[in-house]
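Commentary on secondary and tertiary structure
Here is how the chains run, residue by residue.
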Amino acid sequence: MTRPALPTPIQKVLGRLSLRLKLMLGYAVVFAVTVLLGGAGVYYAAERALTASLDTTLRETASVAQASIDPHEDEEGDGTAPEPADFTSELKPSGDLRIELLSSSGRILARAGDVEEAARQPHPVTSGFVTQDGRRVLTLRVDDLYLRVSRPTDALSGFLETLARLLLVGSAFMIAVACGAGYWLAHRALKPVDAVARTAESIATRGDYAERVPQSPGTDEMARLTRTVNLMLDGLAGTIEREKDFARTAAHELRTPLTVLRGRLDLTLERPREAAEYQKALTGMVGRVEALTALTEGLLALARTDAPAQLERVELAAIAAQVAEGCEDLARAAGQHIRLNLEPSWVQAEGEGVERATRNLLENALKYGAGDEVLVKVAAHGLQVVSGGPGPDPAQWSRLLQPFERGAGVQGVSGSGLGLALVSALARRWEAQLVPHWDEASFSVRLVFPAGGAEASFPPADPLGHAPHLTLPGRTGS
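It should be emphasised that the depicted structure is a prediction, and the values quoted were computed from it without experimental measurement.

**A word on the overall build of the protein chain**
Along the backbone of the protein chain there are 10 helices and 14 strands. A separation of at least 24 residues holds for 62% of the contacts in the protein chain among residues at least 6 apart in sequence. Working note: accessible area of the protein chain is about 28,900 Å², and carbon and sulfur atoms make up 58% of it.

Written as structure tokens, this is what we have:
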């Protein structure tokens, strides 16, 4: 097993900071990088623009100076050496411009303009633009001579220095403002999260599940968060209340048979008895123990319905035939027989749960139904159990789906009141529907499974009529 990597010093420091500070630092870093890159771009663009403007001035001055060169040729033709070239008297550069005319060896032949410091600032002859000794220099070749025009860059440097200071000060100010604004925005954004945390802590400390998070206005992420948390708390509160009611009801239902069993044990042990009497008393207690066992198994099955469903392909007809065969003795004791009308039908469910749901529906039909026949029908994506008689009161149907609830007039019939509740819980687990139907002479319950939005289709024939059916071999049937 690989060992987890140790946190770096930066991770340790960041781990001790609040989420607000982390968000603020993130905003500040991103904003600082953006501002500094923008400032550098502005500085570079200004430098390029000002340098280009200075170069344009030097080119224009060089064009004027080139037209003002006086070569001093040998006009008399006497063979004497001509005088060195010079500028005409009309060339008068303004300001701090300096114009020089050089020989091919670099010797200065003529000067114009700012010539006071020219002797102390010699420059090598290099064609094109260069920046040397604080001056911007342009050198052009003119026949066998060189024309050099230059101008100081102190004004340009001063402007760029001022611009750099303004950019740095402005960037620092904007970064500081961004830090404050980022912290304020992070605080406002995380206020609902703080409310959720405080509410959860309060619920965990006091156990008051009626408390809710203040709803954030609007439809943004925080509004959805607070709304979702409140819906979760509503569902949690409802679940807890149902669990409390279920626990109280289960304790009450278990207390009665346990009290009766304890009373019979006390009565049996009250005085010495013959072996036959002990045998009779123990035999009577077996029935109570079996009832408690059935009740406990029903409670466990009902509790398991809260677990995530593990769906698989299940064949309803095979399960219905198997359950009907297992209820043969109960049908015989009730003076009834089971008739099967089965078609192949595959659904997405849980095999054990479908078997239990089918058994509960069939046992209820045999216990509470009238007549001498119970029909079990399987059609496309659904199972139906039909019994004779009027069935339960339609107004009481929703109540009968709750644990330990039984219909009127059936107190003398054995049962725990968990059968329909378990079937209803399993149906919800599979996203199926439990649909009751009352006819004039019969009552039926359908368990309809989803199949691409289509419900099971059952023929509208008389449920207790003589439709084609299947009767298992060896079973009492028509």
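That shown, we press on.
**Brief notes about the pattern of salt bridges**
Throughout the structure, instances matching the rule amount to 10 salt bridges. Residue E373 is joined to R339 by a salt bridge in which the shortest nitrogen-to-oxygen separation is 3.1 Å. Within this pair, whereas E373 is found in strand β11 (residues 370-379), its partner R339 is found in strand β9 (residues 337-342), the two being separated by 34 residues in sequence. With relative accessibility at 2%, the residue R339 sits in the buried group.

**Some words on the sheet that holds strand β13 (residues 433-438)**
Read from one edge of the open sheet, 5 strands run β9-β11-β12-β14-β13, paired in mixed fashion. Across the chains shown, the open sheet's two edge strands, defined by having one partner strand only, are β9 and β13. Going across the sheet, the axis of each strand differs from the next one's by a mean of 15 degrees, ignoring polarity. In terms of strand pairing, β9 meets β11 through 6 bridges, oriented parallel. By the bridge assignment, R339 is partnered in β11 with L375. In the packing of helix α6 (residues 316-326) onto the sheet, the strands contacted are β9, β11 and β12 (382-388), and the crossing angle to β9 comes to about 170 degrees.

**Examining the nonpolar core**
Counting residues in hydrophobic clusters, the biggest one holds 49 residues, and the most contacted among them are I338, V354, L362, W430, L447 and F449. The dominant element in this core, judged by the number of residues it contributes, is α6, at 7 residues. Counting 18 residues, the second largest nonpolar core, distinct from the first, contains L58, A85, A112 and V142.

**Some thoughts on the pairing of strand β3 (residues 98-102)**
Where burial is concerned, most of β3 is hidden: 5 out of the 5 residues are buried. Here β3 shows no split at all, with R98, E100 and L102 on one side and I99 and L101 on the other all buried. The turn joining β3 and strand β4 (residues 108-113), which pair antiparallel and follow one another in sequence, is formed by 5 residues; a positive phi near 95 degrees is taken by G106. Note: β3 against strand β7 (residues 145-152), 5 bridges, orientation antiparallel. In the sheet register, L101 faces β7, and the bridge partner there is L147.

**Some thoughts on unusual backbone geometry**
Its identity as a non-glycine residue notwithstanding, D133 has a phi of 55 degrees, on the positive side. We note that E431 has phi near 60 degrees; this positive angle belongs to a residue other than glycine. Secondary-structure assignment places E431 in the loop between α10 (419-429) and β13. Residue E431 is classed as exposed on the basis of its relative accessible area of 65%.

**Some thoughts on the packing of helix α5 (residues 275-304) against α10**
Contact pair α5 / α10: the axes reach a minimum separation of 9 Å and the direction vectors enclose 20 degrees. Comparing the axis directions of α5 and α10 gives the class roughly parallel. Our pair here, α5 against α10, has a crossing hand that is left-handed. For the pair α5 and α10, the contacting residues are A301, L302 and R304 in the first and A421, L422, A425 and R429 in the second.

Calculation notes
- Residues numbered from 1 in each chain as written.
- Predicted model: local features only at pLDDT ≥ 70, side-chain atom pairs only at ≥ 80, totals over all residues.
- Heavy atoms only, no water.
- Helix = DSSP H or I, 4+ residues; strand = E, 2+ residues; numbered from the N terminus.
- Contact = heavy atoms within 4.5 Å.
- Areas by Shrake-Rupley, 256 points an atom, 1.4 Å probe, with all protein chains shown as cover.
- Salt bridge = Lys/Arg side-chain N within 4 Å of Asp/Glu carboxyl O.
- Buried < 20%, exposed > 50% of the residue type's maximum accessible area, 1.4 Å probe, protein only.
- Pairing = 2+ DSSP bridges.
- Axes fitted to C-alpha atoms, helices over the stretch in contact; angles between N-to-C directions.
- Core = buried A, V, L, I, M, F, W, Y, C linked by side-chain atoms within 4.5 Å.
- Parallel < 35°, antiparallel > 145°, perpendicular 65-115°, else oblique.
- Left-handed = near helix turned anticlockwise from the far one by under 90°.

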